[in-house]
Amino acid sequence: MRQVSPSFHPVLRLFHWVMAIMVIAMIFIGVGMVSAAGPLFPRLLAIHRPLGIAILVMVLIRLPLRLSLGAPALPADLSPVQAFAARLSHVLLYAAMVCQPLIGWAMLSAGGYPVQLWPGVLLPPILPHDLHLYATLRPLHGLVARLLFALIVLHVAAALSHGLIRRDGVLRSMTIGQRSRRADTPSARA
Amino acid sequence: MPPLSRPRLAAAVILIGAVSAALIGGFAWAAGWIGAPRITSNDAIAALEYNGGRYPGYRRAHAKGMCFTGWFDANGAGGALSMASVFRPGRYPVIGRFSVAGANPMAGDGRNVFHAMALLLRTPDGQQWRMAMDHTPFFPVGDVPAFLAFQYASRPVPATGVPDPAAMKSYLAEHPETKRFLDYMASAPLPDSFAKAIYYSINAFRFTNAQGVTRSVRWQMEPEIPLTALDKSRLADLPRDALFREMIDRTARGPSHWHMLLVVANPGDRTDNATIAWTGTHQRTDAGTLTLERVMPEETGACRDLNFDPTIVPRGIALSDDPLLGARAKVYSTSFTHRATEGPHPSAVGEDLHVEESR
């Protein structure tokens with residue numbers, strides 16, 4: 001559903017910024033963790049798993065909210081290619097945020113590992129203990145992390161170019177909100 | 001909106017580029033591609049493969065092994081030290097693995113190297129305690145750089161079968177802890193059965209009891225039967241799988257037992273250095289008995305597809321400040337991923353049994 005309001009609903013903006021911090025932190029923790037053969041590894045791992053599950057829970061709350069509250073229309077002067085790229089990148093961002101924690105959970109299950117969130121709190125396995133599956137899922141977890149990070153860099157660059165170059169209100173719609181440029185048309189807020 | 005002036009447009013483009021570069025740079029820094037060089041698990045595995053050879057499909061260390069199953073009967077005494085549910089009175093299933101050190105899964109048992117026991121204890125609440133123990137009370141190296149240096153220095157020279165004396169000499173001059181270990185290995189008895197060895201936790205851990213009191217603990221599995229040793233002058237005469245065959249024959253006659261002794265650190269005992277044994281009198285708690293009931297080759301046992309990562313501990317046990325623990329966790333994990341990708345390969349014991357069956 002296309003929203004008539006020119007800005008994202010404040011709840012969606014809150015989810016966006018909280019999750020932005022979590023996801024970017026998560027990626028840095030993940031790549032840092034796998035390159036650290038020392039005391040940092042278990043410390044980062046202890047953050048990585050609960051943070052990943054927290055992201056999964058949040059995106060599963062956020063996605064229905066996003067679908068029901070909608071998003072502001074893209075600027076009318078955006079080329080069809082840009083509009084398509086914008087929509088596709090958002091679908092991929094959501095897909096990665098849903099899939100990546102599930103891949104991590106599935107990977108630990110297939111590796112025969114206990115899926116521990118913190119001491120004494122475990123999640124059940126979601127796949128059987130199977131090293132063939134593990135051998136597929138472990139590299140996939142790293143690959144999706146890199147793709148997600150590339151998407152985030154593109155997303156940030158695109159958002160800044162909307163805000164700084166095009167100045168078309170797209171960046172404002174996810175930050176401080178649009179100036180009520182259509183405040184004089186009551187139907188716009190209906 | 002009016003079009004941007006050229007300087008403003010340039011500033012905007014530079015800012016966008018800078019933000020993107022900062023994100024990518026942060027990623028590269030977190031991944032260790034830029035910044036201070038760091039030792040990765042792949043470096044550790046390269047060192048192991050340099051030392052012992054590369055055997056795809058097997059663990060990168062302690063490649064030769066055999067599975068076992070049994071149970072742990074907790075007597076409740078461990079609860080004074082740790083709230084871990086595995087110390088509550090009861091019987092808990094165990095998956096284990098015996099191994100001898102080295103990268104070669106078909107190496108002979110007649111070598112003066114680590115004999116090892118790995119365990120996975122499960123409690124009904126889903127928690128696990130994984131251990132990877134060796135038959136020596138201390139370890140040859142205390143940190144990751146020393147571990148790598150030791151692997152490089154101690155590589156057997158193909159022509160002689162022993163390490164290059166000059167390389168070892170210069171390594172040992174800088175690492176008296178390894179010298180101490182090698183002297184110990186040269187003189188200490190080498191168990192003639194997996195069932196007769198004491199297996200030590202190597203690293204210290206932090207045990208917290210229900211009252212919230214935390215203590216540093218090492219533990220050891222002590223067999224119920226006395227130690228007898230191999231004749232070190234005749235190790236080369238041993239059949240390739242002598243230790244494993246002995247354990248198979250022994251288990252056919254009856255189970256083996258070990259007591260889990262929890263050893264509490266005295267003030268001043270080092271918890272961050274696995275090269276230093278805790279000497280003198282210590283409070284020791286017998287937390288229960290491990291019973292080994294069955295042994296089986298890795299092909300049919302449950303141990304092969306498990307990573308006995310000693311940092312997988314239940315609530316009530318936590319890691320100490322020993323830098324080896326995090327390194328063991330990461331290197332074991334990378335080794336596990338490598339061999340999962342390469343696919344399982346036959347074990348020495350499995351080959352023996354296969355030959356016998358096909359006779």
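Conventions and cut-offs
- Within each chain, residues carry numbers counting from 1 in the order of the written sequence.
- To label them, take the chains in the order written and letter them from A, then take the ligands in the order written and number them from 1.
- In view of the model being predicted, local features appear only for residues whose pLDDT reaches at least 70, and side-chain atom pairs are presented and counted only at 80 or more, with totals across whole chains, interfaces and linings using the full set of residues.
- Helix and strand assignments come from DSSP, with helices taken as H or I runs of at least 4 residues and strands as E runs of at least 2, each series counted from the N terminus.
- Exposed residues have 12 or fewer other C-beta atoms within 10 Å of their own C-beta, buried residues have 20 or more, and residues in between are partly exposed; the C-beta atoms are placed from the backbone.
- A pair of residues counts as a contact when their C-beta atoms, built from backbone coordinates, are separated by no more than 7 Å.
- Charged means Asp, Glu, Lys or Arg here, nonpolar means Ala, Val, Leu, Ile, Met, Phe, Trp, Tyr, Cys or Pro, and polar covers whatever is left, Gly included.
- Confidence scores per residue from the predictor, reported as pLDDT, run from 0 to 100.
- Working rule for helices: expected span equals 1.5 Å times residues minus one.
- As used here, the arc belongs to the directions running from the helix axis to the C-beta atoms.
- In this analysis, strands are considered paired if DSSP registers two or more bridges between them.
- Under this scheme, a helix contributes an axis fitted over its contacting stretch, all axes are lines through C-alpha atoms, and angles between N-to-C directions fall in the 0 to 180 degree range.
- The cut-offs work like this: below 35 degrees is roughly parallel, past 145 is roughly antiparallel, 65 to 115 is roughly perpendicular, and the gaps in between are oblique.
- Handedness of each helix crossing follows the sense of rotation of the near helix against the far helix: counterclockwise by less than a right angle gives left-handed, clockwise gives right-handed.

1. A look at the overall build of chain B
The helix and strand tally for chain B stands at eight helices and 10 strands. With respect to the three principal axes, the spread of C-alpha positions in chain B is 90 × 60 × 45 Å. By residue count, 41% of the 359 residues in chain B fall in the buried class.

2. Some remarks on the interface of chain B and chain A
On the side of chain A, 31 residues touch chain B, which itself brings 42 residues to the contact. Residue assignment for the side of chain B that touches chain A shows that the elements contributing at least two residues are helix 1 (6–30), helix 2 (41–52) and helix 7 (323–342) of chain B. Split into classes, the residues belonging to the side of chain B that touches chain A amount to 25 nonpolar, 13 polar and four charged.

3. Here's the deal with the confidence of the model for chain A
Counting all residues, the mean pLDDT for chain A is 91, and 92% of those residues have values of 70 or more. Throughout residues 182–190 of chain A the model reports pLDDT below 50, and contacts reaching past four residues in sequence, or to other chains, amount to five contacts.

4. Focus on the environment of H175 of chain B
In this fold, H175 of chain B is placed in the loop between helix 4 (165–174) and helix 5 (176–187). Of the residues examined, H175 of chain B has 20 C-beta atoms within 10 Å and is grouped as buried.

5. Some details on the environment of Q151 of chain B
All names here are of chain B. Looking at the element boundaries, Q151 is found in helix 3 (residues 144–153). Considering only alpha carbons, one finds Q151 and E49, 102 residues apart in sequence, at a separation of 8.9 Å. Setting aside residues up to four positions removed in sequence, Q151 forms contacts with A47, L48, Y50 and N51.

6. Regarding helix 2 of chain B
It helps to recall that an α-helix has 3.6 residues per turn; residues three or four apart then point in one direction. Residues and elements named next belong to chain B. For helix 2, which comprises 12 residues, the first-to-last C-alpha distance of 16 Å matches the rise-based estimate of 16 Å (1.5 Å per residue) to within 8%. Buried within helix 2 are the following residues: S41, A44, I45, A47, L48 and G52. End-on, the buried residues of helix 2 take up no more than an arc of 155°, which puts them together on one face.

7. Comments concerning the pairing of strand 1 (residues 64–74) of chain B
Regular strands place side chains that alternate from one sheet face to the opposite one. Residues and elements named next belong to chain B. With eight of 11 residues buried, strand 1 is to be regarded as a mostly interior element. Examined bridge by bridge, strand 1 and strand 2 (residues 90–100) share 11 bridges and lie antiparallel to one another. Counterpart to D73 in the pairing with strand 2 is R91. Sheet analysis places strand 1 next to strand 9 (residues 284–296), joined by eight bridges and oriented antiparallel. Directly across from D73, in strand 9, lies its bridge partner T289.

8. Brief notes about unusual backbone geometry
One non-glycine residue with positive phi stands out, namely R167 of chain A, at about 50°. With respect to the element layout, R167 of chain A can be found in the segment after helix 4 (131–166). Accessibility expressed as a C-beta count within 10 Å gives 16 for R167 of chain A, which makes it partly exposed. Positive phi, normally seen in glycine, also occurs at H62 of chain B, with a value near 55°. With respect to the helices and strands, the residue H62 of chain B is situated in the loop between helix 2 and strand 1. For H62 of chain B, a count of 25 C-beta atoms within 10 Å translates into the label buried.

9. Description of the pairing of strand 8 (residues 256–264) of chain B
All names here are of chain B. Inspection of the sheet shows strand 7 (residues 214–223) paired to strand 8 by seven bridges, in the antiparallel sense. Within strand 8, the position partnered with Q220 by the bridge is L261. The pairing of strand 8 with strand 9 spans eight bridges and is antiparallel. Bridging from a neighbouring strand, M260 pairs with G288 of strand 9.

10. Quick word on the packing of helix 4 of chain A against helix 1 of chain B
The contact between helix 4 of chain A and helix 1 of chain B brings their axes to 10 Å, and the two run at 160°. Here helix 4 of chain A lies roughly antiparallel to helix 1 of chain B, going by the angle between them. For helix 4 of chain A against helix 1 of chain B, the interelement crossing comes out right-handed. Across the interface between the two elements, F149, V153, V156, A157, L160, S161, L164 and I165 of chain A from helix 4 of chain A touch L9, A12, L15, I16, V19, S20, L23, I24 and F27 of chain B from helix 1 of chain B. In the contact of helix 4 of chain A with helix 1 of chain B, the residues fall into 15 nonpolar, two polar and no charged.

11. A closer look at the environment of I198 of chain B
All names here are of chain B. With respect to the helices and strands, I198 occurs in the loop between helix 5 and strand 5 (199–200). Given 19 C-beta atoms within 10 Å, I198 falls into the partly exposed group. The sequence separation of I198 and M221 amounts to 23 residues, and the corresponding C-alpha distance is 5.5 Å. Residues contacting I198, with those up to four places away along its chain left out, are H135, Q220, M221, E222 and P223.

12. Considerations on the packing of helix 2 of chain B against helix 3 of chain B
All names here are of chain B. Their axes nearest at 8 Å, the elements helix 2 and helix 3 cross at an angle of 25°. As far as their axial angle goes, helix 3 and helix 2 are roughly parallel. Along this stretch, helix 2 crosses helix 3, giving a crossing that reads as left-handed. Across the interface between the two elements, D43, A44, A47, L48, Y50 and N51 from helix 2 touch V144, F147, L148, Q151 and Y152 from helix 3.

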